[in-house]
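Chain by chain, the residues:
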Amino acid sequence: MLKATGRRALHGAGSLIGLVILVFFLARLTGDPSALYLPIDATQEAKHEFAIQHGLDKPVIEQFVGFVSGLVHLDFGQSLQQSRPAMEVVLEAFPTTLLLAVFSMTIAVAAAVVIGSLGAWRPGGVFDRIANTLALLGSSTPNFWIAIVGVLVFALWLRLLPTSGTGTVAHWVLPVAVLALRPLGLIAQVVRGAMISALSSAYTKTAKAKGAGNRSIIFVHALRNAMLPVITVAGDQAAGILNGAVIVETVFGFPGVGRLLIDSITYRDFSVLQATVLTTAVAILVMNSLIDFAYALLDPRIRTN
């Protein structure tokens, strides 16, 4: 287990280094920030002074060396748009996205486990067919379409929920529901398949023969042994939740990392863009490590590898 964790850490460090290099140089391809922050009729002298002020007058390689040097001291530079440390801007937005992701994934996993397990208890039954159809729709429908339809129906037609903002619990209902729908559908299908296999195994038949109740057989004997593939899919969905967060936060006006990422690209705020991507990457690596530990807790055989 320790060797596997060490290998995973080395691979993660290599991925971070590659990501830092890629994001730094690709960000510079978006254009010259002075075209956005200076008047259209700005003189060449003004543009040159702007470049000197923000360190953009140096060769790109020299800028990269300075960026890496700053990373060693956890200094990501200053935000062009907000004129304050880039990491400060990111850490302000990160808790909103983190809460949105935690609420969405908690609801998605809990609902998927229940729906998938009950569907697997009687495969081909009415509940199983309805649940399968809804899970397929949820996992295949684009987030942006669900978000727009949700605003149209629940906010504009029925006037039950607000269209945007984060002020009250009602503001979180639509964003959480939209973000949870896709992982819920995918995980429910995986739970169903894994549970069908687990429920037909010898140990569940033995539990039935000993008089164990249906609830005990489903949620105690079978579910634990079916959770490994579920954790894998849930981890992948949680790691990719930023893709959905970008859309959801843009549609619903959420001040999170997804919206900040779009704004930093639009306004060519290189420091904020780099800090956002790197912070998100570190969070994903930490989450993958937690998934590895969850594997070991569920299956003791993994601890010896």
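Structure: see above.
Just so we're clear, the structure is a prediction, and the values are computed from it rather than from any experiment. (Residues numbered from 1 in each chain as written. Predicted model: local features only at pLDDT ≥ 70, side-chain atom pairs only at ≥ 80, totals over all residues. Heavy atoms only, no water.)

1. Topic: the packing of aromatic side chains
Remark: the centre distance and the inter-plane angle together describe each pair of aromatic rings, the angle taken between the planes.
Move 1: By the definition in use, this model includes seven aromatic pairs.
Move 2: Relative to Phe67, the ring of Phe24 lies with its centre 5.4 Å away and its plane at 25°, an arrangement referred to as stacked. You can see Phe24 sitting in helix H1 (residues 2–27) and its partner Phe67 sitting in helix H4 (residues 60–72), a full 43 residues away along the chain.
Move 3: Residue class for Phe24 comes out buried when judged on its relative accessible area of 1%.
Move 4: The rings of Phe24, Phe25, Phe64 and Phe67 are connected pair by pair, giving a single aromatic cluster.
Move 5: Over the ring of Phe24 we find Arg28, and its NZ or CZ is 3.8 Å from the ring centre. (Phe/Tyr/Trp six-rings, centres within 6.5 Å; stacked < 30°, edge-to-face > 60°. Helix = DSSP H or I, 4+ residues; strand = E, 2+ residues; numbered from the N terminus. Buried < 20%, exposed > 50% of the residue type's maximum accessible area, 1.4 Å probe, protein only. Lys NZ or Arg CZ within 6 Å of the ring centre and 35° of its normal.)

2. Some points on the packing of helix H11 (residues 241–252) against helix H12 (residues 257–266)
Move 1: At a minimum axis distance of 7 Å, the contact between H11 and H12 shows a crossing angle of 80°. Relative to H12, the element H11 is oriented roughly perpendicular. Here H11 contributes Leu242, Ala245, Val246, Glu249 and Thr250 to the contact with H12, which in turn contributes Val257, Gly258, Arg259, Leu261 and Ile262.
Move 2: Class assignment of the residues belonging to the contact of H11 with H12 gives a composition of six nonpolar, two polar and two charged. (Axes fitted to C-alpha atoms, helices over the stretch in contact; angles between N-to-C directions. Parallel < 35°, antiparallel > 145°, perpendicular 65-115°, else oblique. Contact = heavy atoms within 4.5 Å. Nonpolar A, V, L, I, M, F, W, Y, C, P; charged D, E, K, R; others polar.)

3. Remarks on the layout of surface pockets
Move 1: Each pocket or cavity is described by its volume, and for the largest pocket that value is around 460 Å³.
Move 2: Lining of the largest pocket is provided by 19 residues; of these, Arg28, His54, Gly55, Gly77 and Ser271 occupy positions nearest its centre.
Move 3: Mapped by element, the contributors of at least two residues to the lining of the largest pocket are H4 and helix H13 (270–298).
Move 4: Sort the elements by how many residues they give to the lining of the largest pocket and H4 lands first, with five residues.
Move 5: Considered class by class, the residues forming the lining of the largest pocket number six nonpolar, nine polar and four charged.
Move 6: In terms of lining residues, the second largest pocket is bounded by 15 residues, among which Leu98, Ala101, Ala238, Ile241 and Met287 are the most central.
Move 7: Ranked by the residues each element gives to the lining of the second largest pocket, the list is headed by helix H5 (residues 86–121), at seven residues.
Move 8: Along the lines of polarity and charge, the residues of the lining of the second largest pocket split into twelve nonpolar, three polar and no charged. (1 Å grid on protein atoms, 1.4 Å probe; cavity = no way out; pocket = protein on both sides within 12 Å on 5 of 7 lines; lining within 4 Å. Points joined across faces, edges and corners; volume = space filled by probe spheres on them.)

4. Quick notes on the pattern of salt bridges
Move 1: Overall, the coordinates contain three salt bridges when judged by the stated rule.
Move 2: Close ionic contact of Arg84 with Glu88 constitutes a salt bridge, the shortest N to O distance being 2.9 Å.
Move 3: A salt bridge links Glu92 to Arg84; the shortest N-O distance between them is 3.0 Å.
Move 4: By relative accessible area, Glu92 is classed as exposed at 52%.
Move 5: Taken together, the salt bridges that share partners define one network made up of Arg84, Glu88 and Glu92. (Salt bridge = Lys/Arg side-chain N within 4 Å of Asp/Glu carboxyl O.)

5. Looking at the side chain of Ser117
Move 1: Tracing the backbone shows Ser117 in helix H5.
Move 2: Once residues lying within four places of it in the same chain are set aside, the contact partners of Ser117 are Ala112, Val191, Met195, Ile218, Phe219 and Leu223.

6. So, a nonpolar patch on the surface
Move 1: A grouping of Leu152, Phe154, Leu156, Trp157, Leu158 and Leu160 is seen on the molecular surface, where their side chains present a nonpolar patch of about 630 Å² in accessible area.
Move 2: With respect to the helices, strands and loops of the structure, Phe154 is situated in helix H7 (residues 143–157).
Move 3: Residue class for Phe154 comes out partly exposed when judged on its relative accessible area of 37%. (Patch = residues over 30% accessible without salt bridge, like charges linked within 9 Å, V, L, I, M, F, W, Y side chains within 5 Å. Areas by Shrake-Rupley, 256 points an atom, 1.4 Å probe, with all protein chains shown as cover.)

7. Side note on H4
Move 1: In this model H4 runs 19 Å from its N-terminal to its C-terminal C-alpha over 13 residues, within 8% of the 18 Å that 1.5 Å per residue would give.
Move 2: For H4, the set of buried residues is Gln63, Phe64, Phe67, Gly70 and Leu71. Seen along its axis, H4 keeps its buried residues to an arc of 120°; they face one direction. Pointing more than 90 degrees away from the buried face of H4 are the exposed residues Ile61, Val65 and Val72.
Move 3: Immediately beyond the C-terminal end of H4, within one or two residues, lies Leu74, with a positive phi of roughly 60°. (Expected span 1.5 Å × (residues − 1). Arc of directions from axis to C-beta.)

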